[in-house]
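# Tertiary structure, described
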Amino acid sequence: MYDSENVIVSQEHKRYLMGHKRKNSAISFSRFIILIFIFALWEIAAYKEWIDPFIMSQPSRIIKTMASMSKDGSILMHTGVTVYETIIGFVSGTVLGTMIAIALWWSDFLAKVLDPYLVVLNALPKTALGPIILVWIGGTTKSIIVMALLLSIVVTIINVFTGFSNCDEDKIKLLKTFGANKRQILRKVVFPAGIPTIISTLKINVGLSLVGVIVGEFLVSKSGLGHLIIYGGQVFKMDLVMTSVLILAIVAAILYLSVLWIEKKVLKMM
Amino acid sequence: MEKVVEIIDISMNYHTLDGETKAIQKLNLDVSNGEFVSIVGPSGCGKSTLLSIVSGILKPSVGKVMVNGKEVQGPSTSVGYMLQKDHLFEWRTIIKNITIGLEIQGKLNKETQGSIEKLLIEYGLYEFRNHYPRQLSGGMRQRAALIRTLATKPDILLLDEPFSALDYQTRIAISEEVWLILKKEKKTAILVTHDLAEAISMSDRIIVLTKRPAEIKSIHEIKLTCNNKTPITCREAPEFRFYFNTIWKELDIHV
């Protein structure tokens, strides 16, 4: 590795770096332009009444809705509820799923016995279980979190178990030559080697838990962005629906980027 | 000389749903203290299986192995094992990788840590003790793997093609180094290899195995005339070619 500051960079390399930089900023600029273009077109189309703003809503109306909802703090409350439920859902889904994956790794017999059940559970659209959960647990936050957990746990079990099973046999053999028992093999090699898999599962789980939370909020419909969307749809307040969807998109992006950030930190530490 | 490893009437069969595979058949072999023995044979003949049995991680179907006069029942501290790749754990620093054996055996203390530090200093890895494996070259990684094996103070080292993942130059340099270290620490070694030149240059004795099921085909005492005997100087000995040709013919390799 060389220290770039102390190295005299050749003209050719400078041109290369400049070209690279130019290309990157062109990409960012184009992304931004597309966003502006869509919102501008939307605004103009609604203003000129090419589309019905009552049905399609309108960026300026969305901003108005956001402003009024910020004033009474309801927007923060609903967003907060959704974020809270999602985080609880995907953290518990990941932790429980990993624990079950450990159990499956521990007992080959158990893994073989449960395999068909996992396959079916994985294929089953978990949202179909929504009404059942609602009846069993009741219309509370608990139901929503269970929904989020259900969506992420099966994928976690399958992914993490596969990750554990793919641990290099020779690394395990190495520990065995030192006389390691099963617990030591798990703690010293199988689990740490599986951490990257667990983190990549976290990335999938963020999205899945958000789906679970929104479906849960559709059903329970007390608070949260999902509640706002279903409520807005029922009373034909499309401004409210569009505002909520927009916020949801931002929340989803932030949650995903946070997991990416955690991944980077953890992998760097390893 | 005193025998440290006695392999007595070992047979090994593998069972799968498709049937039974005989890997080793009635194999007998003694290794004396401080000896360097190489095992060569056609690929897939059960060489690695034999090492796994000696180390105690595999139980033979028939027969027994005695190490230091005691029957092998499972992995023991008197036997160290070096695998094909270094298998240093990427998430541990070099020092943490080296102490893993002691950690597992619950023997990590001031005294053992001190002796590891000595090994690190002696073999030029002390400055790298807090580095991660990916920051080290292939040769240094293999050296770290050797120190990891030596850390638990085994009397006997089993080397399962430990250099085969390295490029040719590094391979010769590292095999020289490992040989010198093993001689200095007065260890007994059993090396499994595909590389005849490597086997001849390093060993006191070479065991040639037959195709599966493995039996001993022949045993060659290696006596090379070279001053200041090390694997690299041995490669220049006049008898080197003779051994190479003889063993090559015995291996009977047809491609």
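Quick look at the structure, then. (Residues numbered from 1 in each chain as written. Chains lettered and ligands numbered in written order. Predicted model: local features only at pLDDT ≥ 70, side-chain atom pairs only at ≥ 80, totals over all residues. Heavy atoms only, no water.)

### Quick notes on a nonpolar patch on the surface
Together, Phe-29, Ile-33, Ile-34, Phe-37, Ile-38, Leu-41, Ile-44 and Trp-50 of chain A make up an exposed nonpolar region whose accessible area comes to about 870 Å². The residue Phe-29 of chain A is located in helix H1 (residues 11-47) in this model. (Patch = residues over 30% accessible without salt bridge, like charges linked within 9 Å, V, L, I, M, F, W, Y side chains within 5 Å. Areas by Shrake-Rupley, 256 points an atom, 1.4 Å probe, with all protein chains shown as cover. Salt bridge = Lys/Arg side-chain N within 4 Å of Asp/Glu carboxyl O. Helix = DSSP H or I, 4+ residues; strand = E, 2+ residues; numbered from the N terminus.)

### Notes on the side chain of Ser-78 of chain B
Counting through the fold element by element, Ser-78 of chain B comes out in the loop between strand E5 (70-71) and strand E6 (79-82). Leave out the neighbours within four places in its chain, and Ser-78 of chain B touches Val-67, Asn-68, Pro-154, Asp-155 and Ile-156 of chain B. (Contact = heavy atoms within 4.5 Å.)

### Thoughts on the side chain of Ser-52 of chain B
Looking at where Ser-52 of chain B falls in the secondary structure, it is placed in helix H1 (residues 47-55). The buried category is assigned to Ser-52 of chain B, whose relative accessible area is 5%. Residues within four places of Ser-52 of chain B in sequence aside, it is in contact with Lys-173 of chain A together with Ile-57, Leu-58 and Tyr-81 of chain B. (Buried < 20%, exposed > 50% of the residue type's maximum accessible area, 1.4 Å probe, protein only.)

### Description of the interface of chain B and chain A
You'll often see interface size given as the accessible area lost when the parts meet. Chain B puts 22 residues into the contact, and the matching count from chain A is 19 residues. Together, His-87, Trp-91 and Ile-104 of chain B form the three largest contributors to the area buried by chain B at its contact with chain A, with a combined 35%. Viewed at the interface, chain A and chain B are joined by 1 salt bridge. Taking the shortest distance from any N to any O, the salt bridge between Lys-188 of chain A and Glu-103 of chain B comes out at 2.7 Å. Taken together, the elements giving at least two residues each to the side of chain B that touches chain A come down to E6 and helix H3 (100-104) of chain B. Top element by residues in the side of chain B that touches chain A is H3 of chain B. It accounts for 4 residues. A breakdown of the residues in the side of chain B that touches chain A according to their chemical character gives 11 nonpolar, 5 polar and 6 charged. (Buried area = accessible area lost by both parts, 1.4 Å probe. Nonpolar A, V, L, I, M, F, W, Y, C, P; charged D, E, K, R; others polar.)

### So, the sheet that holds strand E1 (residues 3-16) of chain B
All names here are of chain B. In space, the 4 strands of this open sheet follow the order E2-E1-E4-E5, with antiparallel pairing throughout. Two strands lie at the open edges of the sheet, namely strand E2 (19-32) and E5, each paired on one side alone. Two strands pair when backbone bridges link them, and E1 and E2 are joined in this way by 10 bridges, in the antiparallel orientation. Residue pairing across strands places Asn-13 opposite Lys-22, the latter belonging to E2. (Pairing = 2+ DSSP bridges.)

### Details of the pattern of salt bridges
Evaluation of the coordinates by the stated rule reveals 14 salt bridges over all chains. Note that Glu-198 of chain B is salt-bridged to Arg-171 of chain B, the shortest N-O span being 3.2 Å. Here the residue Glu-198 of chain B occupies a position in helix H7 (residues 196-202), and Arg-171 of chain B occupies one in helix H6 (residues 168-184), the gap between them amounting to 27 residues. The residues Glu-198 of chain B and Arg-171 of chain B share a single accessibility class, namely buried. Across the pair Lys-183 of chain B and Asp-204 of chain B runs a salt bridge, and its minimum N-O distance is 3.8 Å. With Lys-183 of chain B in helix H6 and Asp-204 of chain B in the loop between H7 and strand E9 (205-209), this pair connects stretches of sequence that are 21 residues apart. You can call Lys-183 of chain B partly exposed: its relative accessible area is 31%. Residue classification places Asp-204 of chain B among the partly exposed positions, given a relative accessible area of 24%. Residues participating in the shared-partner salt-bridge network are Lys-188 of chain A together with Arg-92 and Glu-103 of chain B.

### As for helix H5 (residues 138-151) of chain B
Residues and elements named next belong to chain B. With 14 residues, H5 ought to run about 20 Å at 1.5 Å a step, and its terminal C-alpha atoms sit 20 Å apart, in line with that. The buried fraction of H5 is high, at 13 of 14 residues. With its phi angle positive at about 55 degrees, Lys-153 sits one or two positions after the end of H5. (Expected span 1.5 Å × (residues − 1).)

### Points about the pairing of E6 of chain B
All names here are of chain B. A two-sided burial pattern is seen for E6, the buried positions comprising Val-79 and Tyr-81 on one face and Gly-80 and Met-82 on the other. With 4 bridges connecting them, E6 and strand E7 (residues 156-160) associate as parallel partners. Bridging from a neighbouring strand, Gly-80 pairs with Leu-157 of E7.

### Overview of helix H4 (residues 110-122) of chain B
Residue and element names in this part refer to chain B. In this model H4 runs 18 Å from its N-terminal to its C-terminal C-alpha over 13 residues, within 8% of the 18 Å that 1.5 Å per residue would give. Taken together, the buried positions of H4 are occupied by Thr-112, Ser-115, Ile-116, Leu-119 and Leu-120. Take H4 and look down its axis: the buried residues cluster within an arc of 145 degrees, on one side only. In this structure, H4 carries Lys-110, Glu-111, Lys-118 and Ile-121 as exposed residues pointing more than 90 degrees from its buried face. Where H4 is buried, its residues meet helix H2 (94-98), H3 and H5. Taking the backbone nitrogen of Glu-111 as reference, a side-chain oxygen 3.1 Å away marks Asn-109 as the first, capping residue of H4. One or two steps after H4, the chain reaches Gly-124, where phi turns positive at roughly 70 degrees. (Arc of directions from axis to C-beta. Polar contact = N/O pair within 3.5 Å; in protein donor to acceptor, adjacent residues only side chain to side chain.)

### Concerning the packing of aromatic side chains
Per the counting criterion, the structure on display carries 7 aromatic pairs over all chains. Seen from their ring centres, Phe-54 of chain A and Phe-236 of chain A are 5.9 Å apart, and the 20 degrees between their planes marks the pair as stacked. Of this pair, Phe-54 of chain A sits in helix H2 (residues 53-56) while Phe-236 of chain A is found in the loop between helix H10 (225-234) and helix H11 (238-269), placing the two residues 182 residues apart along the sequence. Look at Phe-54 of chain A and you get partly exposed, because its relative accessible area is 45%. Here Phe-242 of chain B and Tyr-243 of chain B contribute two aromatic rings whose centre-to-centre distance is 5.4 Å and whose plane-to-plane angle is 55 degrees, an arrangement assigned as tilted. Overall, the relative accessible area of 10% leaves Tyr-243 of chain B in the buried class. In this structure, Lys-182 of chain A is placed above the aromatic ring of Trp-106 of chain A, and the distance from its NZ or CZ to the ring centre is 5.8 Å. Lying across the ring of Tyr-126 of chain B, Arg-129 of chain B places its NZ or CZ 4.0 Å from the centre. (Phe/Tyr/Trp six-rings, centres within 6.5 Å; stacked < 30°, edge-to-face > 60°. Lys NZ or Arg CZ within 6 Å of the ring centre and 35° of its normal.)

It is worth stressing that arrangement in space is one thing and function is another; only the former is reported here.
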